[in-house]
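Architecture and fold: a report
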Amino acid sequence: IGVRLVGSEMCIRDSLESLQTLSLSDNQLESFDKKILNLVNLKSLSYDRNKLIELPCDQIKQLQSLKQISLDGNLFSDSAKEEIGQKLHYWFGEI
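Residues numbered from 1 in each chain as written. Predicted model: local features only at pLDDT ≥ 70, side-chain atom pairs only at ≥ 80, totals over all residues. Heavy atoms only, no water.

**Some thoughts on the pattern of salt bridges**
- Enumeration according to the criterion identifies three salt bridges in this entry.
- Between K87 and D58 there is a salt bridge, with its nearest N and O atoms 3.3 Å apart. With K87 in helix α3 (residues 78–88) and D58 in helix α2 (residues 57–60), the pair connects residues that are 29 residues apart, well separated along the chain.
- You can call D58 partly exposed: its relative accessible area is 43%.
- Through salt bridges that share partners, D58, E83 and K87 make up one connected network. (Salt bridge = Lys/Arg side-chain N within 4 Å of Asp/Glu carboxyl O. Helix = DSSP H or I, 4+ residues; strand = E, 2+ residues; numbered from the N terminus. Buried < 20%, exposed > 50% of the residue type's maximum accessible area, 1.4 Å probe, protein only.)

In structure tokens, the structure reads:
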């Protein structure tokens, strides 16, 4: 069975593909939505103050347009923070 997009579905798909800034902060999210990895034009991603404990760093690195990511206020362990810091060159500014 073939699937095709028509009318408004195409507009939504095209709008999402061109999305450059996405803020998912303060949503009590417990996991990283891997659908975000399809946003090839994404430049800025904010996932602050959620409940993340892990992050697919190697996959996020594949988002070549991503220039800014914000992850403060999540539940990452010290080892997860170290991995995120090394792989994504991220510094956790939490006090």
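**Some words on the sheet that holds strand β3 (residues 68–70)**
- Reading across the sheet, the three strands line up as β1-β2-β3 and stay open at both edges, with parallel pairing between neighbours. The two strands at the open ends of the sheet, each matched to only one other strand, are β1 (21–23) and β3. Across the sheet, the mean angle separating the axes of adjacent strands is 0 degrees when strand polarity is ignored.
- With three bridges connecting them, strand β2 (residues 44–46) and β3 associate as parallel partners. Paired with S46 across the bridge in β3 is S70. (Pairing = 2+ DSSP bridges. Axes fitted to C-alpha atoms, helices over the stretch in contact; angles between N-to-C directions.)

**Structural notes on the side chain of D48**
- Looking at where D48 falls in the secondary structure, it is placed in the loop between β2 and α2.
- This buried residue, D48, is left without a salt bridge; R49 holds the nearest opposite charge, at 4.2 Å.
- Looking at D48, its side chain comes within polar contact range of the side chain of S70, at 2.7 Å.
- Polar contacts involving the side chain of D48 include one to the main-chain amide nitrogen of L71, which spans 3.2 Å.
- Every residue in contact with D48, bar those within four places of it in the chain, is listed here: S25, D26, S70, L71, D72 and N74. (Lys, Arg positive; Asp, Glu negative; His and termini not counted. Polar contact = N/O pair within 3.5 Å; in protein donor to acceptor, adjacent residues only side chain to side chain. Contact = heavy atoms within 4.5 Å.)

**What about the packing of aromatic side chains?**
- Applying the stated criterion across every chain, the model contains three aromatic pairs.
- Ring geometry for Y90 and F92: centres 4.7 Å apart, planes at 80 degrees, overall edge-to-face. Like Y90, the residue F92 is buried in the burial classification.
- Here the aromatic residues F76, Y90 and F92 are joined through ring pairs into a cluster of three or more.
- If you follow K81 out to its NZ or CZ, it ends over the ring of F92, 5.4 Å from the centre. (Phe/Tyr/Trp six-rings, centres within 6.5 Å; stacked < 30°, edge-to-face > 60°. Lys NZ or Arg CZ within 6 Å of the ring centre and 35° of its normal.)

**Let's talk about the nonpolar core**
- Counting residues in each nonpolar core, the largest one holds 22 residues, and the members touching the most others are L45, L55, L71 and I84.
- Elements supplying a minimum of two residues to this core: α2 and α3.
- Residue contributions to this core peak at three residues, all from α3.
- Sequence-distant contacts of L55, defined by excluding residues within four places in its chain, comprise F32, I60, L71, F76, I84 and L88. (Core = buried A, V, L, I, M, F, W, Y, C linked by side-chain atoms within 4.5 Å.)

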